[in-house]
Amino acid sequence: MRSIGEMARDSGLGVSALRFYDRAGVLVPAWVDPVSGYRWYDPGQLEEARLLARLRRAGMPLADVRMVLVGWSTADTDLVRGLLQAHLRRLERGLADAHGEFSTLRALLDERENPMTSLGTATVELSVPAPELAAALDAVRFAAGSDPDLPMLAGVLFDIEGTALSVAATDRYRMAVARTASTGYDGPRVQAIVPLPLADAMRALLDGEAQVRLGLDGDRVSLTAGDRQTAGRCLDHDFPDYRRLVQLPEGRRAVVDTAALQEALKSGPVRRGELSKQDGEHCDVSVLRVVDDGTVTLCEDGDEGQDDVAVNRRFLLDALTAGDRDELILEFGAPTAPIAIRRPDDERALSILMPVRLED
């Protein structure tokens, strides 16, 4: 028999915790001295105590811990797996909620540091070269979202600050940002989310070489090209803080031949992966590796290493097309960090892709 002190030492649970779990009926000692009240444990209970310690460190509720221990002792693996998976989903939802709250807090801090003019009161008019605005919209359009539950992502963000006009789009799994110069406005920072149909209508007007006029008046946005104009209402939502999302740590850089990599992706090995564990979405995945000479190769099934990065194949093909260069720079961090696609001659345009978890 093990004393409560020995059980605490070997299991990672404190003496007070073991007493609590005894009173809660979760881990009951094999024998309690009727005179001293001292608790003694059977050697076989050490495994359960260690399991209990792991579950509590993972934040599992006590009611579920009790059921996991029951399933463990009866070899009911389906019950145990189901409870573990349910708790993991709760943790992921909680983490997503926490990210959302922290993003809001960061946005509030940014507003304090760099106040923006309210969209409802802003009146802005600026001029932009049509080819540059067209190129910027082409660089980001592919990353825009279409999820009806996330209406703030169903548009292109126009971010006006001084003489710079940045456009950004994201669907959570990828993001693209581009920037162009403008003239005629030098006031406080103003942001507007242009709905995708209106952004596409704007792009259709950008077929010339002349300057176009972009206007914001309250919640309305317009683009005028010569005697043609398109206009509509902005989306009344807050866009994610894209500036923080694209601040990536330095990683390995590889210059790739765009056409060659596109062909390799289309004809190379494909795996299945989870685009979103929470939503149960799946996708075709390509696993990328940067070899010692700086080239990027595609890994065969079963040949993945710990430094290789799995990405949504279609998303990467879209990003390469939007990059619009014969050569592009792929930047890799850790396998769990986003991959960045940059133009070698233009730091104003960038897209990032979130890595994908391979299915077992």
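Residues numbered from 1 in each chain as written. Predicted model: local features only at pLDDT ≥ 70, side-chain atom pairs only at ≥ 80, totals over all residues. Heavy atoms only, no water.

Some thoughts on the pairing of strand E5 (residues 155-161)
Thought 1: Most of E5 is tucked away, with 6 of its 7 residues classed as buried.
Thought 2: In terms of strand pairing, E5 meets strand E8 (residues 190-195) through 6 bridges, oriented antiparallel. In the sheet register, Val156 faces E8, and the bridge partner there is Val194.
Thought 3: Remark: 2 residues form the turn of the hairpin made by E5 and strand E6 (residues 164-170), two consecutive strands paired antiparallel; Gly162 in that turn has positive phi of roughly 65°. (Buried < 20%, exposed > 50% of the residue type's maximum accessible area, 1.4 Å probe, protein only. Helix = DSSP H or I, 4+ residues; strand = E, 2+ residues; numbered from the N terminus. Pairing = 2+ DSSP bridges.)

So, the nonpolar core
Thought 1: Grouped together as the largest cluster of nonpolar side chains are 62 residues, with contacts concentrated most on Leu133, Phe158, Leu288 and Leu330.
Thought 2: With 7 residues, helix H6 (residues 130-140) is the single largest residue contributor to this core.
Thought 3: Beyond its immediate stretch of four places on either side in the chain, Leu288 contacts Val296, Thr297, Leu298, Asp308, Val309, Val311, Leu316, Leu330, Phe332 and Ile339.
Thought 4: Within the second largest apolar cluster, 22 residues are counted, among which are Leu27, Leu51, Val65 and Leu69. (Core = buried A, V, L, I, M, F, W, Y, C linked by side-chain atoms within 4.5 Å. Contact = heavy atoms within 4.5 Å.)

Digging into the pattern of salt bridges
Thought 1: Enumeration according to the criterion identifies 23 salt bridges in this entry.
Thought 2: One salt bridge in this structure joins Asp219 and Arg233, with 2.6 Å as the shortest N-O distance. Here the residue Asp219 occupies a position in the loop between strand E9 (211-217) and strand E10 (220-225), and Arg233 occupies one in strand E11 (residues 228-233), the gap between them amounting to 14 residues.
Thought 3: By relative accessible area, Asp219 is classed as partly exposed at 36%.
Thought 4: What makes Arg233 exposed here is its relative accessible area of 51%.
Thought 5: Two residues, Glu331 and Arg253, come together in a salt bridge whose shortest N-O distance is 2.6 Å. Residue Glu331 is located in strand E17 (residues 327-332), and its partner Arg253 is located in strand E12 (residues 252-257); the two are separated by 78 residues in the primary sequence.
Thought 6: For Glu331, a relative accessible area of 7% puts it in the buried group. (Salt bridge = Lys/Arg side-chain N within 4 Å of Asp/Glu carboxyl O.)

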